[in-house]
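Topology and contacts: notes
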Amino acid sequence: RKEVEQDPGPFNVPEGATVAFNCTYSNSASQSFFWYRQDCRKEPKLLMSVYSSGNEDGRFTAQLNRASQYISLLIRDSKLSDSATYLCVVNGADGDSWGKLQFGAGTQVVVTP
Amino acid sequence: ETGVTQTPRHLVMGMTNKKSLKCEQHLGHNAMYWYKQSAKKPLELMFVYSLEERVENNSVPSRFSPECPNSSHLFLHLHTLQPEDSALYLCASSPTGREGRYEQYFGPGTRLTVT
């Protein structure tokens, strides 16, 4: 079983619509969760951290469900510039001082005019 | 956005060549990482340095040799690579995890082609 699993998509979303997708993780002891976005042939960029109570950053809302071991990302009022691959990232939580992250393969989102 | 820089951005090398990739972070972080990203695959962690000490070597072939002379610089020395080593090589850095902050910041990557 993969440590971090994501639906690869693509999710085709009309501009202005809302899109949401999940990611599941296998390590129940994981402590830190992130969403990154990666544009084609570019480096991953941190989109937002995911906190236990859920958090929002503008049009982006992240949720964490520890019981079911998944995190979600919701994008409201989608913009063409939101087209990217969204990477789910989970900390290995093994107590190391440097923090080993597990990356999902990504969910592709395509926002269409 | 120049927190983490990488050079060169593109590299084409033959299987008998020796080359080095360079990474520099300007964020005051204590941990640095090398990742490999092949097409349509998740990032693969290669090496981790924490406070200039290598703490992870993820079963990487010896033809890849990392070097971390200080907390701001990281190198990846390449020697007798194979065509399947062609990929995007990403460097990242992160704050020490003591505060529970594990987010990593990536450089733009070196796109490597082995011929």
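Fair warning: this is a prediction, and the values are worked out from it, not measured in the lab.

1. Observations regarding the pairing of strand β4 (residues 31–37) of chain B
All names here are of chain B. For β4, the buried fraction is high: seven of the seven residues fall into the buried class. Burial of β4 is two-sided: the residues A31, Y33, Y35 and Q37 facing one way and the residues M32, W34 and K36 facing the other way are all buried. Summarising the sheet, β4 and strand β5 (residues 44–50) pair through six bridges and their orientation is antiparallel. Among the inter-strand pairings, K36 is bridged to a residue of β5, identified as E44.

2. Description of the interface of chain B and chain A
Taken residue by residue, the interface counts 28 residues in chain B and 22 residues in chain A. In total, chain B and chain A occlude about 1900 Å² of area from one another, counting both sides; carbon and sulfur atoms represent 56% of this. When residues of chain B are sorted by the area they lose upon contact with chain A, Y102, F106 and R111 of chain B head the list and together hold 29% of the total. At the surface where chain B touches chain A, the tally comes to two residue pairs in polar contact (both at pLDDT 80 or more).

3. A closer look at unusual backbone geometry
Residue and element names in this part refer to chain A. In this structure, the amide linkage connecting G9 to the following residue, P10, adopts the cis form with an omega of 10 degrees. In this structure, R41 takes a positive phi of about 65 degrees despite not being glycine. Relative accessible area serves as the criterion here: at 55%, R41 is assigned to the exposed category.

4. Re the sheet that holds strand β7 (residues 60–65) of chain A
Residue and element names in this part refer to chain A. The strand order across the open sheet formed by five strands is β1-β3-β8-β7-β6, and the pairing between neighbours is antiparallel. Strands at the two margins of the open sheet, each flanked by one partner only, are β1 (4–6) and β6 (55–57). Across this sheet, the average inter-strand angle for adjacent strands is 20 degrees, counted without regard to direction. Note that strand β3 (residues 19–25) and strand β8 (residues 70–75) share six bridges and pair antiparallel. In the strand pairing of β8, N22 is matched with S72.

5. As for the state of the cysteines
All names here are of chain A. Under the counting rule described, the total for this entry stands at two disulfides over all chains. Each sulfur in the disulfide pair C23 and C88 lies 1.9 Å from the other. For the disulfide bridge between C23 and C88, the dihedral angle about the S-S bond is near -60 degrees, and by the sign convention the bridge is left-handed. Of the two residues, C23 sits in strand β3 while C88 sits in strand β9 (residues 84–91), which places them 65 residues apart along the sequence.

6. A few points about the pattern of salt bridges
Inspection of the entire model under this criterion finds five salt bridges over all chains. With its nearest N and O atoms 3.0 Å apart, the salt bridge here joins K79 of chain A to D77 of chain A. Look at K79 of chain A and you get partly exposed, because its relative accessible area is 33%. Given a relative accessible area of 36%, D77 of chain A falls into the partly exposed group. Its salt-bridge partner being R63 of chain B, residue D85 of chain B comes within 2.7 Å of it at the nearest N-O pair. Taken together, the positions of D85 of chain B in the loop between β8 (73–79) and β9 (87–94) and R63 of chain B in the loop between β6 (53–57) and β7 (64–70) put the pair 22 residues apart, joining distant regions of the chain. D85 of chain B sits in the buried class, given a relative accessible area of 2%. Residue classification places R63 of chain B among the partly exposed residues on the basis of a relative accessible area of 21%.

7. A few points about the sheet that holds strand β3 (residues 18–25) of chain B
Residues and elements named next belong to chain B. The sheet built from four strands is open, its strands ordered β1-β3-β8-β7 with antiparallel pairing. Both edges of this open sheet fall to β1 (4–7) and β7, since each of them pairs with a single strand only. Taken pair by pair, the neighbouring strands of this sheet meet at an average axis angle of 20 degrees, ignoring direction. Pairing geometry for β3 and β8, over seven bridges, is antiparallel.

8. What to know about the packing of aromatic side chains
In this structure the tally under the stated criterion is twelve aromatic pairs over all chains. Here the aromatic rings of F21 of chain A and W35 of chain A are separated by 5.6 Å at their centres, their planes lie at 85 degrees, and the arrangement is edge-to-face. Linking F21 of chain A in strand β3 with W35 of chain A in strand β4 (residues 33–38), this pair joins segments that are 14 residues apart in sequence. Comparing F21 of chain A with W35 of chain A shows no difference in burial state: the two are buried. Each ring, one from Y36 of chain A and one from F106 of chain B, has its centre 5.9 Å from the other, and the planes form 85 degrees; the classification is edge-to-face. With Y36 of chain A in strand β4 and F106 of chain B in strand β10 (residues 105–106), the pair connects residues from two separate chains. Each member of the pair, Y36 of chain A as well as F106 of chain B, carries the same accessibility label: buried. Put simply, the rings of F34, Y36 and F103 of chain A together with Y33, Y35 and F106 of chain B pair up and form one aromatic cluster.

The rules behind these values
Each residue is numbered by its place in its chain's sequence as written, counting from 1. As a convention, the first chain written is A and the first ligand written is 1, with the rest following in written order. Only residues with pLDDT of at least 70 get local features here, since the model is predicted, and only at 80 or more are side-chain atom pairs given and counted; chain-wide, interface and lining totals rely on the full set of residues. To get the side-chain values, all heavy atoms of the structure are used, and hydrogens and water are removed first. Per-residue accessibility, obtained with a 1.4 Å probe over protein chains only, is compared with the maximum for each type, and a residue is labelled buried under 20%, exposed over 50%, and partly exposed between these values. Secondary structure follows DSSP: runs of H or I at least 4 residues long count as helices, runs of E at least 2 residues long count as strands, and numbering of each begins at the N terminus. For two strands to pair, DSSP has to find at least two bridges joining them. We call two residues contacting when some pair of their heavy atoms lies within 4.5 Å. Here the quantity called buried area is the total loss of accessible area, with a 1.4 Å probe, experienced by two parts when brought into contact, counted for both. Two N or O atoms count as a polar contact when they lie within 3.5 Å, although within protein this holds only if one can serve as hydrogen donor and the other as acceptor, and sequence-adjacent residues are included solely when both atoms are side-chain atoms. An axis is simply a line fitted to the C-alpha atoms; with a helix, the fit covers only the stretch in contact. Between two such axes, the angle follows the N-to-C directions and lies from 0 to 180 degrees. Pairs of cysteine sulfur atoms within 2.5 Å are identified as disulfides in what follows. The working definition used for a salt bridge is a side-chain nitrogen of Lys or Arg within 4 Å of a carboxyl oxygen of Asp or Glu. Pairing of aromatic rings covers Phe, Tyr and Trp, the last through its six-membered ring, and needs centres within 6.5 Å; plane angles under 30 degrees mean stacked, over 60 mean edge-to-face, and all others mean tilted.

This is a description of form; function is not addressed.
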